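# Structural description and commentary
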Amino acid sequence: MTMLFSLIEKVDWTEPGFGAFNFSGICGLSLSQGMNNISVLQNAYDNGLIKYNMFGFGVSSDLSTPGELVLGGYDESYFTGDLQWHDVMQDQSYGILYMLNGTGVKVNGQFLKLPCAEFRNCSFLVDTGGGLFDIAAPGFPSLAVESDCSNVSQLPTFSIFIDNNEYEFTPADYILKVPNPNGSGTICVSTALGGDATDGYVDIAGWFFHKYYAVFDRQNQVVGFAPRN
């Protein structure tokens, strides 16, 4: 199989996105768009190297256990129940992005009004390469946590809705205790960003995949989610 890759020659490896992590490159699994943009997965499928034109993505619920990427299928042992399938929105302006039909955002039991005209037409981006689960919407609160964990009890529970299916996150889901880099013990960090914005967005990334397993079915142009084990 022949595959064309792009070479990035100038990178500042001291930047947080590169220097803090142990990797030597990025391999995108986005949708293909025409002959000039054929993904690695599409090429592997076209050449008979994988059975299905899909991939499964699961991230461990703790930092000590590795996650999993399955090319050409998915791993049912990583999730419970049935996958909830969502159609990828067919809009040329989205290009190769996985955009899903967002139908709501709820904070502490109250739905927020989403101005769809300024909100990517209420489409939510799914990005396995993103670092943080990011929500910006009118009236959406900050999800910042004090390093000493003193305000965890005051943080909200929130949900996003895709095709009217609810995906809920409590503070226990998105607040993580990690070793203190400047001393003993642990500190609290938030794995999600939240903010009040009139022209908002929802980027499904990062810690979302610690709670929900994801399957990207490129052949049928759908994305499925199910609760992680």
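Here's what I pulled together on the structure shown here. The shown structure was predicted, so the numbers you read here are calculated from the model rather than taken from an experiment. (Residues numbered from 1 in each chain as written. Predicted model: local features only at pLDDT ≥ 70, side-chain atom pairs only at ≥ 80, totals over all residues. Heavy atoms only, no water.)

Attention shifts here to the environment of Ile-50. Take Ile-50: it is sitting in the loop between α2 (40-46) and β1 (54-58). Given a relative accessible area of 15%, Ile-50 falls into the buried group. Setting aside residues no more than four positions away along its own chain, Ile-50 makes contact with Leu-41, Ala-44, Tyr-45, Leu-71 and Gly-72. (Helix = DSSP H or I, 4+ residues; strand = E, 2+ residues; numbered from the N terminus. Buried < 20%, exposed > 50% of the residue type's maximum accessible area, 1.4 Å probe, protein only. Contact = heavy atoms within 4.5 Å.)

Moving on, we get to the side chain of His-86. Mapped onto the elements, His-86 comes out in strand β3 (residues 84-87). One polar contact links His-86 to Asp-163, side chain to side chain, over a distance of 3.0 Å. A distance of 2.7 Å separates the side chain of His-86 from the side chain of Tyr-167, its partner in a polar contact. Residue contacts for His-86: discarding those within four places in its chain leaves Leu-100, Ile-162, Asp-163, Asn-165, Tyr-167, Gln-221, Val-222, Val-223 and Phe-225. (Polar contact = N/O pair within 3.5 Å; in protein donor to acceptor, adjacent residues only side chain to side chain.)

In this section: unusual backbone geometry. With a phi close to 70°, Cys-149 is a non-glycine residue in the positive phi region. For Cys-149, the location among the structural elements is in the loop between β7 (133-136) and β8 (158-162). With a phi close to 70°, Asn-164 is a non-glycine residue in the positive phi region. Its place among the elements puts Asn-164 in the loop between β8 and β9 (165-169).

With that settled, the discussion passes to the pattern of salt bridges. For the coordinates displayed, the defined rule picks out two salt bridges. Note that Glu-166 and Lys-106 form a salt bridge whose closest N and O atoms lie 3.3 Å from each other. On the criterion of sequence distance, the pair formed by Glu-166 in strand β9 and Lys-106 in strand β4 (residues 98-107) is long-range, its members being 60 residues apart. With a relative accessible area of 18%, Lys-106 lands in the buried category. For Asp-173, the salt bridge goes to Lys-211, with nearest N and O atoms at 2.8 Å. Residue Asp-173 is found in helix α3 (residues 171-174), and its partner Lys-211 is found in helix α4 (residues 208-211); the two are separated by 38 residues along the sequence. (Salt bridge = Lys/Arg side-chain N within 4 Å of Asp/Glu carboxyl O.)

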